[in-house]
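Structural overview
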Amino acid sequence: MREYLQRLANRESFTEDEMQVAVQRILQDDQISDSEIAAFLVALKTKGETVNEIAGLVNAIRNNTVGFTRKFQHVIDNCGTGGDNSSSFNVSTTSAFVIAGSGIPIAKHGNRSISSKTGSADVLEQLGIELSIPIQSSEELLEEVGIAFLFAPYVHPRLKKVMKVRRELQIPTIFNLIGPLTNPVELETQLLGIYRRDYLEIFAEVLKKLGRKRAIVINGAGHLDEASLAGENHIVLLENNEFKKMTLHPEEVGLSCYPNEAIKGGDSKMNAEILLRVLKGEKGAFRDTVLLNSGLAIYTSGIVNEFSEGIKKAEESIDSGAAYEKLQKLVERTSKLKREVI
């Protein structure tokens, strides 16, 4: 590690392969101390992470995941980075059921709360969804139900010591941003929300390196890590190996404006209640935020040609009951799988 730390201290950047080797050592060598890992993360942050370094880091993590054995086509993820300090309800988790209800398989990657009050795993448990199921069972869920939740600690067991250091540091590092990139499914499409607007193009380039055919990286109004109804949302679209920068205002797609304070959530119980109210058709800021984010994901998947068409499909998913039905099926199937494991 001394060589890696010295190079970072000299503000030298690694190639993608060099970063992959360095992170591989961190994940697999028990002799590397917590202080060395902390120094590596802080030095990398201080220097500034390059596209190649982020891609190498992510590939090293994915090479050490509990991976899927089956190949899935047209699967999407809509995970955000977190870290926007907005205290919003679980927008992407709620949207995942709407996306699945529109007929798009979704492999939702997520974790418990780290920087926010309530993580996706906390809310899903509150809804009765079992998280402690084998990865093979997640493959079955994705195939049969059209939605699976991939609980990060089960998928990435080797990251345990890095996560310990990350919590102790109490400052954001690259690990606060890369969660959505480490999904073990070979995704062709992805909607990725990020709270740092200066990283939009960087993460779009990383997604291209990771093999995404089509993707959107979005920073919402007020620097949310998801699309916001509060004003202009900044977007980078990856399509046909090219990048397109654009903005999207909710009024352009027929949605009303609301301040970000209107979508504040609370603990896991409160956020689960909000999720249920949205899926059961309640109107207002929560629903419209989900429509905007689900519509963007549906557009990203490529089954519609306009953002507004994606939002219309999201409305149909909720109003037909299809989104709520996906939730019910996931609760039933994961409960059954849990009993089978026991």
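Treat the numbers as computed from the prediction; the structure is a model and nothing was measured.

1. A few points about the overall build of the chain
Looking only at helices and strands, the chain has 14 helices and seven strands in total. At 19 Å, the chain has a C-alpha radius of gyration in line with the 20 Å of a compact globule built from 342 residues. Principal-axis analysis of the C-alpha atoms gives the chain an extent of 60 × 50 × 35 Å. Scored against the burial criterion, the 342 residues of the chain give a buried share of 58%. A separation threshold of at least 6 residues defines the contact pool for the chain, and within that pool the share at least 24 residues apart is 73%. By element, 45% of the accessible surface of the chain is carried by carbon and sulfur atoms, the whole surface being about 14,500 Å². Averaging the positions of the 41 positive and the 46 negative side-chain charges in the chain gives two centres separated by 3 Å.

2. A few points about the packing of aromatic side chains
Following the criterion strictly, the structure yields six aromatic pairs and no others. For the ring pair Phe89 and Phe286, a centre distance of 4.9 Å and an interplane angle of 75° mean the geometry is edge-to-face. In this pair, Phe89 sits in the loop between strand 1 (76-77) and helix 5 (91-101) while Phe286 sits in helix 12 (residues 285-301), placing the two residues 197 residues apart along the sequence. Phe89 gets classed as buried once you look at its relative accessible area, which sits at 2%. The exposure class assigned to Phe286 is buried, which follows from its relative accessible area of 15%. Of the aromatic side chains, those joined through ring pairs into one cluster are Phe149, Phe151 and Tyr154.

3. Digging into the layout of surface pockets
Taken as a whole, the second largest pocket spans an internal volume of roughly 210 Å³. What lines the second largest pocket is Arg62, Thr65, Gly67, Phe68, Arg70, Lys71, Phe72, Gln73, Pro184, Val185, Glu186 and Glu188.

4. Some details on helix 9 (residues 160-169)
Listing the buried residues of helix 9 in full gives Lys161, Val162, Met163, Val165 and Arg166. Of the surrounding elements, those touching the buried residues of helix 9 are helix 2 (16-28) and helix 3 (34-47). One or two residues past the end of helix 9 sits Gln170, with phi positive at roughly 60°.

5. Digging into the packing of helix 5 against helix 13 (residues 307-319)
Running from amino to carboxyl end, helix 5 crosses helix 13 at an angle of 95°, the nearest separation of the two axes being 8 Å. Here helix 5 lies roughly perpendicular to helix 13, going by the angle between them. Facing helix 5, whose interface residues are Phe97, Val98 and Gly101, helix 13 presents Ala314, Ser317 and Ile318.

6. Concerning empty space enclosed by the protein
A complete count under the given rule lists four cavities of 30 Å³ or more for this structure. Considering the residues around the largest cavity, the lining is formed by Asn78, Cys79, Gly80, Val91, Ser92, Ser95, Leu191, Gly193, Ile218, Asp225, Glu226 and Asn293. Looking at the lining of the largest cavity, the elements with two or more residues in it are helix 5 and strand 4 (189-193). Its residues assigned to classes, the lining of the largest cavity shows four nonpolar, six polar and two charged.

7. Notes on the nonpolar core
Counting 70 residues, the largest nonpolar core has Phe97, Ile216, Leu296 and Phe307 as its most contacted members. The leading source of residues in this core is helix 12, at nine residues. Excluding its chain neighbours within four sequence positions, the residues that come into contact with Phe97 are Leu124, Ile129, Ile147, Leu275, Leu279, Ser317, Ala323, Lys326, Leu327 and Leu330. Counting 46 residues, the second-largest nonpolar core is a separate cluster that includes Phe203, Ala204, Leu207 and Val236.

8. Observations concerning the pairing of strand 5 (residues 214-219)
Most of strand 5 sits inside the fold, with six of its six residues counted as buried. Residues Arg214, Ile216 and Ile218 of strand 5 are buried on one face, and the alternating residues Ala215, Val217 and Asn219, pointing to the opposite face, are buried as well. Between the parallel elements strand 4 and strand 5, the chain passes through helix 10 (residues 200-209) in a crossover that is right-handed. Here strand 5 pairs with strand 6 (residues 233-239) via six bridges, running antiparallel. Bridging across to strand 6, Val217 finds its partner in Val236.

9. Looking at helix 1 (residues 2-9)
Inspection of helix 1 places Tyr4, Arg7 and Leu8 among the buried residues, and these make up the whole buried set. Around the axis of helix 1, the buried residues are gathered within 100° of arc, so they sit on the same side. Facing away from the buried side of helix 1 by over 90 degrees, the exposed positions are Arg2, Glu3 and Ala9. Close packing links the buried residues of helix 1 with helix 2 and helix 3.

Criteria and thresholds
- Residues numbered from 1 in each chain as written.
- Predicted model: local features only at pLDDT ≥ 70, side-chain atom pairs only at ≥ 80, totals over all residues.
- Heavy atoms only, no water.
- Helix = DSSP H or I, 4+ residues; strand = E, 2+ residues; numbered from the N terminus.
- Rg over C-alpha atoms; globule rule 2.2 N^0.38 Å.
- Buried < 20%, exposed > 50% of the residue type's maximum accessible area, 1.4 Å probe, protein only.
- Contact = heavy atoms within 4.5 Å.
- Areas by Shrake-Rupley, 256 points an atom, 1.4 Å probe, with all protein chains shown as cover.
- Lys, Arg positive; Asp, Glu negative; His and termini not counted.
- Charge placed at Lys NZ, Arg CZ, Asp CG, Glu CD.
- Phe/Tyr/Trp six-rings, centres within 6.5 Å; stacked < 30°, edge-to-face > 60°.
- 1 Å grid on protein atoms, 1.4 Å probe; cavity = no way out; pocket = protein on both sides within 12 Å on 5 of 7 lines; lining within 4 Å.
- Points joined across faces, edges and corners; volume = space filled by probe spheres on them.
- Axes fitted to C-alpha atoms, helices over the stretch in contact; angles between N-to-C directions.
- Parallel < 35°, antiparallel > 145°, perpendicular 65-115°, else oblique.
- Nonpolar A, V, L, I, M, F, W, Y, C, P; charged D, E, K, R; others polar.
- Core = buried A, V, L, I, M, F, W, Y, C linked by side-chain atoms within 4.5 Å.
- Right-handed = clockwise from strand over helix to strand, strands pointing away.
- Pairing = 2+ DSSP bridges.
- Arc of directions from axis to C-beta.

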